[in-house]
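Topology and contacts: notes
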There are 2 protein chains.
Amino acid sequence: MNIFHGNILFSKNSRELAVYEDSYLVADHGKVEGIYAVLPEQYQGAEITDYGSDVIIPAFSDLHVHASQYVERGLGMDMLLSDWLNQYTFPQESRFADMNYARPIYDAFIDDMIRHGTFHACIFATIHREASSYLIRRMEERGLYGFVGKVNMNTGAPDYLRETVEESLLETERFLDEFKDNKTAKPIITPRFAPTCSEDLMKGLGTLSKKYHAGLQTHLVESRWEAEEAMRRFPGYQCDTEIYERAGLMDNGPVVGAHFIFPSEADIRILNRHGGFAVHCPDATTNIIAGIMGVSALQSQDVRVSLGTDVGGGHSLGLYTQIARSVQLSKLKWFYEPEQNKPIAFPHAFYLATKAGGSVFGNVGSLEKGYVFNALVIDGMADENIPLTPAQTVERFCYIGTTDNIKARYLNGRLIG
Amino acid sequence: MNIFHGNILFSKNSRELAVYEDSYLVADHGKVEGIYAVLPEQYQGAEITDYGSDVIIPAFSDLHVHASQYVERGLGMDMLLSDWLNQYTFPQESRFADMNYARPIYDAFIDDMIRHGTFHACIFATIHREASSYLIRRMEERGLYGFVGKVNMNTGAPDYLRETVEESLLETERFLDEFKDNKTAKPIITPRFAPTCSEDLMKGLGTLSKKYHAGLQTHLVESRWEAEEAMRRFPGYQCDTEIYERAGLMDNGPVVGAHFIFPSEADIRILNRHGGFAVHCPDATTNIIAGIMGVSALQSQDVRVSLGTDVGGGHSLGLYTQIARSVQLSKLKWFYEPEQNKPIAFPHAFYLATKAGGSVFGNVGSLEKGYVFNALVIDGMADENIPLTPAQTVERFCYIGTTDNIKARYLNGRLIG
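Now for a quick tour of the structure. Along each chain, residue indices are assigned from 1 in the same order as the chain's sequence is written. Starting at A for chains and at 1 for ligands, labels are handed out in the order in which the entities are written. It should be noted that, the model being predicted, local features are given only for residues of pLDDT at least 70 and side-chain atom pairs only at 80 or more, the latter also being counted only at that level, while totals for whole chains, interfaces and linings use all residues. Note that water and hydrogens are dropped before the side-chain values are worked out from all heavy atoms of the structure.

**A few points about the relation of the copies chain B and chain A**
Mapping between the two chain copies consists of a rotation about an axis together with a translation along that axis. To superpose the copies, least squares is applied to the C-alpha atoms of every residue with a pLDDT of at least 70 in both. Rotating chain B by 180 degrees about the axis while translating it 0.0 Å along that axis superimposes it on chain A, leaving an RMSD of 0.0 Å. The transformation just described matches what one would write down for a two-fold rotation axis. Should any heavy atoms of two residues lie within 4.5 Å, those residues are counted as being in contact. Of the interface residues in chain B, 100% have counterparts in chain A that sit at the interface too, so the contact is made through matching surfaces.

**Some details on helix 11 (residues 319-336) of chain B**
Working definition: helices are DSSP H or I runs of at least four residues, strands are E runs of at least two. Numbering for both runs from the N terminus. Multiplying 1.5 Å by the helix residue count minus one yields the expected span of that helix. With 18 residues, helix 11 of chain B should cover 26 Å at 1.5 Å per step; its first-to-last C-alpha distance of 25 Å lies within 8% of that length. To sort residues, take the accessible area from a 1.4 Å probe on protein chains only and compare it with the maximum for the residue type: under 20% means buried, over 50% means exposed, and anything in between is partly exposed. The buried fraction of helix 11 of chain B amounts to 17 of the 18 residues, a majority that puts the element mostly inside the structure.

**A few points about the environment of Y51 of chain B**
Residue and element names in this part refer to chain B. Relative to the assigned elements, Y51 resides in strand 4 (residues 48-58). Placed 362 residues apart in sequence, Y51 and G413 show a C-alpha to C-alpha distance of 15 Å. Sequence-distant contacts of Y51, defined by excluding residues within four places in its chain, comprise F4, H5, I56, V377, K407, A408, Y410 and L415.

**A few points about the nonpolar core**
The set of buried Ala, Val, Leu, Ile, Met, Phe, Trp, Tyr and Cys residues whose side-chain atoms join them within 4.5 Å is what this entry labels a nonpolar core. Ranked by internal contacts, the top residues of the largest apolar core, which has 128 residues, are F60, F109, I123, L135 and Y244 of chain B. Per element, the largest residue contribution to this core is nine residues, and it comes from helix 2 (residues 99-115) of chain B. Those residues in contact with F109 of chain B that sit more than four places away from it in its chain are V65, A67, Y70, I123, L135 and L317 of chain B. By size, the runner-up hydrophobic cluster in this structure holds 127 residues, among which are M139, L176, A194 and L352 of chain A.

**Re the interface of chain B and chain A**
Contacts between the two partners involve 51 residues from chain B and, on the opposite side, 51 residues from chain A. Both sides of the chain B and chain A interface together cover about 4,100 Å² of buried area, and 59% of this is carbon and sulfur. A side-chain nitrogen of Lys or Arg and a carboxyl oxygen of Asp or Glu constitute a salt bridge if their distance falls within 4 Å. Here chain B and chain A share two salt bridges between them. In this structure, D383 of chain A engages R73 of chain B in a salt bridge whose closest nitrogen and oxygen atoms are separated by 2.9 Å. Polar contact is the term for a pair of N or O atoms within 3.5 Å; when the atoms are in protein, one must be able to donate a hydrogen and the other to accept it, and sequence-neighboring residues count only if both atoms are side-chain atoms. Linking chain B with chain A are 28 residue pairs in polar contact (both at pLDDT 80 or more). When residues of the side of chain B that touches chain A are traced back to their parent elements, those giving at least two are helix 2, helix 9 (282-287), helix 11, helix 12 (346-358) and helix 13 (390-400) of chain B. Put simply, buried area is how much 1.4 Å-probe accessible surface two parts lose in total, over both of them, once they are put together.

**A few points about empty space enclosed by the protein**
Lining residues are defined by having an atom within 4 Å of a point belonging to a cavity or pocket. Those points lie on a 1 Å grid over the protein atoms alone, cavities being sets where a 1.4 Å probe fits but cannot get out and pockets being open sets with protein on both sides within 12 Å along at least five of seven lines. Grid points are joined across faces, edges and corners, and a volume is the space filled by probe spheres set on the points. Taken as a whole and assessed by the stated rule, the structure comprises five cavities of 30 Å³ or more. Roughly 70 Å³ of internal volume is contained in the largest cavity. Put simply, the parts of the chain that give the lining of the largest cavity at least two residues each are helix 9 (282-287) and helix 11 (319-336) of chain A together with helix 9 and helix 11 of chain B. Within the lining of the largest cavity, the residues separate by chemical class into two nonpolar, four polar and four charged. The wall of the second largest cavity is formed by H280, M293, G294, V295, S296, S326, S330, K333, N341, K342 and I344 of chain B. Within the residue set of the lining of the second largest cavity, elements represented by two or more residues are helix 10 (295-300) and helix 11 of chain B. Top element by residues in the lining of the second largest cavity is helix 11 of chain B. It accounts for three residues. Residue polarity is assigned by list, with Asp, Glu, Lys and Arg as charged and Ala, Val, Leu, Ile, Met, Phe, Trp, Tyr, Cys and Pro as nonpolar; anything else, Gly included, falls into the polar class. Tallied by class, residues from the lining of the second largest cavity come to three nonpolar, six polar and two charged.

**Quick notes on the packing of helix 11 of chain B against helix 12 of chain B**
All names here are of chain B. Note on method: axes are straight lines fitted to C-alpha atoms, helices fitted across the in-contact stretch only, with angles between N-to-C directions ranging 0 to 180 degrees. As a packed pair, helix 11 and helix 12 sit with axes 9 Å apart at the nearest point and diverge in direction by 140 degrees. On the basis of the axis angle, helix 11 is oblique to helix 12. For the pair helix 11 and helix 12, the crossing hand works out as right-handed. Where helix 11 abuts helix 12, its residues L319, I323, S326 and V327 lie against F346, A349, F350 and A353. For the contact of helix 11 with helix 12, the per-class residue count stands at seven nonpolar, one polar and no charged. In these notes the angle categories are as follows: under 35 degrees is roughly parallel, over 145 is roughly antiparallel, 65 to 115 is roughly perpendicular, and the rest is oblique. Crossing chirality is assigned from the near helix's rotation relative to the far helix, an anticlockwise turn below a right angle marking it left-handed and a clockwise turn marking it right-handed.

**Thoughts on the packing of aromatic side chains**
Residue and element names in this part refer to chain A. By convention, a stacked pair of Phe, Tyr or Trp rings (six-membered ring in the case of Trp) has centres within 6.5 Å and planes under 30 degrees apart, an edge-to-face pair has planes over 60 apart, and any other such pair is tilted. Following the criterion strictly, the structure yields 39 aromatic pairs over all chains and no others. Aromatic pair F60 and Y320: ring centres 6.1 Å apart, planes at 40 degrees, arrangement tilted. Taken as a pair, F60 in strand 5 (residues 60-66) and Y320 in helix 11 lie far apart in primary sequence, 260 residues in all. A relative accessible area of 0% means that F60 is categorised as buried. On the basis of relative accessibility, which here comes to 3%, the residue Y320 falls in the buried class. Ring geometry for F335 and Y336: centres 4.9 Å apart, planes at 90 degrees, overall edge-to-face.

**Remarks on the environment of V360 of chain B**
All names here are of chain B. Note that V360 resides in the loop between helix 12 and strand 15 (375-378). When the C-alpha atoms of V360 and G74 are compared, they prove to be 28 Å apart, with 286 residues separating the residues in sequence. Ignoring anything within four residues of it in the chain, the contact list for V360 reads L63, C122, F147, P254, V256 and F277.

**Focus: the sheet that holds strand 13 (residues 277-280) of chain A**
All names here are of chain A. Strand pairing is assigned whenever DSSP identifies at least 2 bridges connecting the two strands. Taken together, four strands build an open sheet; the order of strands is 11-12-13-14 and the sheet is parallel. Edge positions in the sheet fall to strand 11 (216-220) and strand 14 (304-307), since each has one partner strand and no second. Taking each pair of neighbouring strands and ignoring which way they run, the sheet shows an average axis angle of 30 degrees.

These figures capture arrangement, not role.
Right, here's the structure in full:
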C-alpha cells in the first residue's frame, strides 16, 4: 500500500476537472483505493509520501505515435509531406530491417516516452517484424500499456518498403501469435493507410483480426489527398472508413483512426458503430498541412476523440504539449470555420489526453477508485511568491513545462523515476 | 580577444543560412572579427574555447513582449481575449503601482529572458513610471539591448489603469528624459493601442517623440476588433497606422508594430514609408484568436517582418519556439488562405528571429564581421549515434529544445551563463 499527500487532479469528464487540494491518495496493489481530505483512521501511522503543493495527475495516453520516426522528430519540418516522406521517413524506416539500427532507437524512444510522462500508447513500428517484436517485447517488459503494430504496406510505397500480400500476412500473423498473451503491451493490426494496402491485403488482415481478436490502428481520412486516394484505389466503397469495416477489421478489438480531419457522414457513422477512436494530433497536422480536426464538432456527433503526438510528423513526444496545442488549434479552427467548431477549454483538452485516450487501454488515465495508479507528480511551475492553483499548475505545465517539471513517475503503483 | 571553435551558424538573408562547420570565430572587444576554417597565423598559440560539435548562433531578438505579463504566461489560455484581459491582465498590471510587487517580477523576467537566449527585446511595461524605470535601469545595468516603454492609456481601459492626458504625458516625458543617455536599453514611446489613447494624447506623444528622438511601439491592426475600434475612435483617419503617422510618432526612431494581421494597403504603405517593423507573434495570435499574419505576403510587399513572443498573450519566453511556430502557422495560413501566402522555410523563420529583428537594435543578430558577439551555444539535440548537421541541430532546438540546450551565453563578448 502507498499513501501520497499533495494536490490531486484528474478529469471527471470532458467539461470538468476533479481537484482535491491538500489531500491523501491511497493506492493498493497498484490501484487507486481512494482520495481523502483527512486520512481515515485505518491508515493512520502508515508511511506517507508527501508531495506538498505539487500536483498528482494521471499519466498520459498517446494514441498515435511512430516509434520508428523518433530520430526524425523536429527535422525537415518545413517540407511538404511528399518530400518529408521521401527524403526522411521512408529511407529511415527502411533501416529497421537492421536490428542493430532498430534496437537503440526503440530503447531511446521508450525511455523518452516515459520521461515525457506517457505510459500508454498506440504505436506504429515499421513493416519489419523482427524490429516490431523487439519494440513490443520491451514495452511489455517495462510494464507499459500499449497497442503496438507491425505496419502493412504492399503498394503505393517505395520498392524497399513494400511487402507482398503473402509476406505481409505471414509476418503479421507471426507477430500477432507471438504476443497474443501479452498483459499490457498488445499487438494491433496496422495497415499504414488505404493508399498503401490493396483490397486483398485488407481482407487477409480482416481474417487475422478475427482469428486473433486483434484491433486496428491506421491513418483515417488524414488529409484531403489520403481520402481521395483511398476512394480512387477502392472503387465501390463509400468512404475511407468503410474499407476497414468491409474487411472485417473493426469488430475484434479497439479501432484507432489517426487524424480523422475530413470525415464524411459515412466515416463518422461507421467509426461510431464500432466505438472507434479518432486521434487528434495537433502539431503533426499543422506540420504536414493537413488542416485542423474539428474536435467540438466531432464530439457533438459522439465521436470518441483522443490525442496523439504523431512523432515524427509531430515533433514533440510530450503529449502535454498537445493538450495546449489542441486548445490553440481549436481557436484557429473557430476563426476560420466558425460553424460548429467552438474552441475547446483546457479541461476538455486535458480529458482527451488522459481519461478519453486512456479508456482504450482499460482502467488508466484517471485517479478514480479502481484505476491503475499510473501517475505523474508535477512541480516547479509557480513563480516565486505567486502561488498557482492545481489547475493553473497543470495548465502552465502543458504550455511551457518540460520533462524537468515531472518530479516523479508512478507506473502500476511503483516509482519509476 | 576570444577565440571559439565549433560549428557557426547565422542568417545570410531571409533565404539562406551561413554555416561554418568545424571553424574558428575570433571576437575582439566584444565584436566579431572573423570566422576561419583554419586559424590564421597571428592567432596561433592564443587560448581557444572549444565547443566541439556544438553550434554557435546569434542571440535572439524578441520584438514584442510584455514584461508585466510575465507572471501570467501559460494561464487562462483557453479564455477569449476580453475575459483574459479583464480577469488576468488588467488587474495584474494594476499591481505594478506597488514597487514591492514590480521589482521581483521584472528581475525574474530579465533572468528568464536571458536564460531563453534573448538579449535584445522591445518591451512593454505598464502605465506606472516608477516600475517602468526600474525595468529599463535593470536592462541597462545587465548590458541587455532593448527598447522599453512606459505604457500610455487614457481611455478604453478600467478606471484603475487609466491616466489623464496630462499625467500620461508628464510621466512619459520624465521617463524619456531620465533614460535618454542609456547605451543599450533605450526608452520608446508606447501607446498601448489606438483604442486606449485619445487623439490629444497621441499628438502630445508625437511632440515628445520629436523632442527626445524617441521611437514608437504599439499594437498595430492586431485583430479585426482593434482595427475597427481604431477607426471608430479616430474618424477621418484612413487606417490604424495613419493615427501614429499623423501624430508625428513615426519619424524619430524605430517603429515597431506588433501583430499587423489585418493591414490595409494604406497601413502597409505608411509602415514602409517609415521603415517600420511588423512583429509576428505566432502563439499569441493563436491564443487570442486574432488570426495568422501573412508573413510571405507582407515580405513580398517589402514589409520588415520580425518575431515576438508577446508574453503573456504568448505563453513562452523562448523566441526559438516562435521560429518553429511561425513555420507551422505559415502552413496553416497557406491551407486556409492559399493566395500569396506560401509557407515559409526554416531559414526564413530563423532570420526573422535573429538578423531581421536584431537590426532594430544595431549590429546584433548576426555573426558577420563587425556584429556584437551576442551569441548562444546550442548542444544536446542529437540522439546517440545519429549525428545532426548544424542546421538540423538548430531546427530541432527550435522545435523541441529547452533552455537546457543553451550550453553557453555570450553578451557583448562576455560569458554570462
